[in-house]
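Residue strings, one per chain:
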Amino acid sequence: MREVNVKFEEINYSWNPITGCLHMCSYCWARKFAKRLASMGVEPYKTHGFSPALAEWRLRQRIPNGRFIFVCVAGETLIDTINGPSEVKDVGVGDVILGLHGGFITPSTVIAKTVVETEVAYRIVTDSTEIICSPTHRMLTLRGYVAAKDLKVGDGVCVRLNKQRKNDKGDCESRLRCRDIKLGWERVREVEVEGSGEVLYDLTTTTHNYISNGIVSHNCDMSDMWGDWIPVEWIDKVLRVVRLKPRSKFFFLTKNPKRYLEFEDKFSGNVVLGVTLETNRDYKLTRAPPPRERYEAMVRLNWRWKAVVIEPILDFDEEFIDWIYNISPEIVYVGYDNYGNRLPEPKLEKTRILLEALEGITALRPKTIRKAWYEE
Ligand code: SF4
């Protein structure tokens, strides 16, 4: 396996100066979410819906060192760690917290932490606890992992039944060992949308989940600023900001990587260029360029920092592995669909073969890996 640049791993933040997308992927949740934000009066969605827009004010946004987008829980949320509860703002990369694997609570290492100011937050209340989180924060429910924005009153969510508490001095009063922790189901009593400006966090862990305010939650996971419809001037404005922030690293992701080729001489060394490549086959689930076109553009792209995102993974042929090899990415993310879209996805066994093959040629970051929906 290739050694991953440590800085690559540490950088994490969210920045969406360009919103909206015209690729029309059948499995796009961002389009539905933009509609909801528009109905709540949130800009730029209120004015532009999911049509492309440049949010000029975000070009002036404060940008700390950062890489990945995807928000989640508020800073005071308590995370179960092996040393008792700790506020999420105090949990860092390398800390060992508690996660869920194979139905059992197990130690889980934090491998990334993301922070972002979000325009809307959700407050989810159950019988014994509540959590403030981003719309995309996924909790384990009787329907599988469900995003806060899709939760309904009455849904059963998985919670820790026995408590870990801190006293006034901040010491843990009742530290629980993994095997002592009891999980159960509680009904959602309230789902409320709260105002803007909340600082939220997400953790990425080795088990892909964690316990936040007693609720079993999943790592979290919105636009294509490289679509053919985006004016050159908009991209130039964004890249100018990127060049002015040499101490930050910027991760771009697109289904139209040939657009990268237009800007090759404008990229600074703090840029990672990613492509979403769900398969090598053309399933026609999107109006984005077909996989082969994306692949060929990424091969032509002469850039040190490349990434491939195979998510949501779709069934593929053997040559797909050669494609990834030829693109020569620094890092590859692989994950199944999280939104119950019943896509033409590969069987788990086939995905495992892909993962094994990729392990030898790149740094691999598996996300939701599960049986195909038709294997259940
Ligand atoms: S590329 Fe992403 S944002 Fe655009 S339609 Fe597809 S899933 Fe939605």
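The structure presented is a predicted model; accordingly, all values stated were derived computationally and were not measured.

What counts as what
- Residues numbered from 1 in each chain as written.
- Predicted model: local features only at pLDDT ≥ 70, side-chain atom pairs only at ≥ 80, totals over all residues.
- Heavy atoms only, no water.
- Helix = DSSP H or I, 4+ residues; strand = E, 2+ residues; numbered from the N terminus.
- Buried < 20%, exposed > 50% of the residue type's maximum accessible area, 1.4 Å probe, protein only.
- Areas by Shrake-Rupley, 256 points an atom, 1.4 Å probe, with all protein chains shown as cover.
- Near = heavy atom within 4 Å.
- Nonpolar A, V, L, I, M, F, W, Y, C, P; charged D, E, K, R; others polar.
- Phe/Tyr/Trp six-rings, centres within 6.5 Å; stacked < 30°, edge-to-face > 60°.
- Lys NZ or Arg CZ within 6 Å of the ring centre and 35° of its normal.
- Pairing = 2+ DSSP bridges.
- Axes fitted to C-alpha atoms, helices over the stretch in contact; angles between N-to-C directions.
- Contact = heavy atoms within 4.5 Å.
- 1 Å grid on protein atoms, 1.4 Å probe; cavity = no way out; pocket = protein on both sides within 12 Å on 5 of 7 lines; lining within 4 Å.
- Points joined across faces, edges and corners; volume = space filled by probe spheres on them.
- Right-handed = clockwise from strand over helix to strand, strands pointing away.
- Expected span 1.5 Å × (residues − 1).
- Core = buried A, V, L, I, M, F, W, Y, C linked by side-chain atoms within 4.5 Å.
- Salt bridge = Lys/Arg side-chain N within 4 Å of Asp/Glu carboxyl O.

J.: How should I be thinking about the overall build of the chain in this particular structure?
T.: Each helix and strand counted, the chain has eight helices and 21 strands in total. Taken across its 376 residues, the chain has 53% of its residues classed as buried. Of the roughly 17,100 Å² of accessible surface on the chain, a fraction of 50% belongs to carbon and sulfur atoms.

J.: Where do I start with the site of the ligand in this structure?
T.: Lining the immediate surroundings of the ligand are C21, H23, M24, C25, C28, F50, S223 and K255. The class makeup of the residues in the shell around the ligand is five nonpolar, two polar and one charged.

J.: Got a minute to help me understand the packing of aromatic side chains in this structure?
T.: The relation between two aromatic rings is expressed through the spacing of the ring centres and the mutual angle of the planes. Overall, the coordinates contain eleven aromatic pairs when judged by the stated rule. Relative to Y374, the ring of W373 has its centre 5.5 Å away and its plane inclined at 85°; by these criteria the two rings are edge-to-face. With a relative accessible area of 37%, Y374 lands in the partly exposed category. Within the aromatic cluster, the residues linked to one another by ring pairs are W226, F252, Y260, F263, F267 and W303. R304 extends its terminal NZ or CZ atom over the ring of W305, reaching a point 4.6 Å from the ring centre.

J.: Explain the sheet that holds strand β18 (residues 271-276) here, please?
T.: Paired through their backbone hydrogen bonds, the strands of a sheet run either parallel or antiparallel. Strand order across the open sheet formed by five strands is β17-β18-β19-β20-β21, with parallel pairing between neighbours. The outermost strands of the open sheet, each flanked by one partner alone, are β17 (250-254) and β21 (363-366). For this sheet, the mean angle separating the axes of adjacent strands, direction not counted, is 20°. Sheet topology note: the strand β20 (residues 331-334)/β21 ladder contains four bridges and is parallel. From the neighbouring strand, Y333 faces β21, where its bridge partner is R365. On the sheet, helix α6 (residues 291-300) packs against β18 and β19 (306-310) and is oriented at approximately 155° with respect to β18. Of the strands in this sheet, β19, β20 and β21 are in contact with helix α8 (residues 348-359), which crosses β20 at around 170°.

J.: Just checking my understanding: could you explain the environment of I97 for this structure?
T.: Relative to the elements of secondary structure, I97 occurs in strand β6 (residues 96-101). In this structure the C-alpha to C-alpha distance between I97 and G84, which are 13 residues apart in sequence, comes to 8.7 Å.

J.: How should I be thinking about empty space enclosed by the protein in this particular structure?
T.: Rolling a probe over the atoms, with the probe sized like a water molecule, indicates the empty space that remains. Put simply, the largest cavity is a space of about 70 Å³. What lines the largest cavity is a set of 14 residues, and nearest its centre among them are R281, Y283, T286, P291 and R294. In terms of residue class, the lining of the largest cavity is built from seven nonpolar, two polar and five charged.

J.: Would you mind going over the pairing of β18 with me for this structure?
T.: Where a strand is regular, its side chains alternate between the two sheet faces. Here β18 lies mainly inside the structure; six of its six residues are buried. Judged by which residues are buried, β18 turns out to be covered on both faces: V271, L273 and V275 on one side and V272, G274 and T276 on the other are all buried. As judged from the five bridges shared by β17 and β18, these two strands associate in the parallel manner. Along β18, the bridge assignment pairs F250 with V271. Note: β18 against β19, four bridges, orientation parallel. Looking at β19, one finds that L273 is bridged to K306. With respect to chirality, the unit in which β18 leads through α6 into the neighbouring parallel β19 is right-handed.

J.: What's the story with helix α4 (residues 232-243) in this structure? I'm lost.
T.: What sets the pattern is the α-helix's 3.6 residues per turn: residues three or four places apart point alike. Given a rise of 1.5 Å per residue, twelve residues ought to cover 16 Å, and the 16 Å separating the end C-alpha atoms of α4 matches this to within 8%. Within α4 the residues assigned to the buried category are I235, D236, V238, L239, V241 and V242.

J.: I tried to follow the nonpolar core on my own but got confused; where do I start?
T.: A general feature of soluble globular proteins is that nonpolar side chains tend to end up buried together. Counting 50 residues, the largest nonpolar core has W226, F252, F267 and I310 as its most contacted members. Top contributing element to this core by residue count: α4, with five residues. The contacts of F267, once residues within four sequence positions are left out, are W226, L239, Y260, L273 and W303.

J.: Explanation requested: the pattern of salt bridges in the structure shown.
T.: Side chains that carry opposite charge are capable of pairing whenever their charged atoms lie near each other. Counted under the stated rule, the structure contains 17 salt bridges. Of the charged contacts, one joins D228 and K258 as a salt bridge, the two residues approaching to 3.3 Å between their closest N and O atoms. One end of the pair, D228, is in the loop between β16 (215-218) and α4; the other, K258, is in helix α5 (residues 258-262), with 30 residues separating them in the sequence. K258 sits in the partly exposed class, given a relative accessible area of 33%. Ionic pairing is found between K284 and D282, a salt bridge with its closest N-O pair at 3.0 Å. Shared partners join several salt bridges into a network, and the residues in it are R281, D315, D317 and K350.

J.: Just checking my understanding: could you explain unusual backbone geometry for this structure?
T.: Of all residues except glycine, most have a negative phi; of all peptide bonds, most are trans. In this model, E311 is joined to P312 through a cis peptide bond whose omega is -5°. Tracing the sequence through the fold places P312 in the loop between β19 and α7 (319-327). Not every positive phi belongs to a glycine, and M24 is a case in point at roughly 55°. In this structure, M24 sits in the loop between β1 (18-19) and α2 (30-39). Under the relative-accessibility criterion, M24 is labelled partly exposed at 38%.

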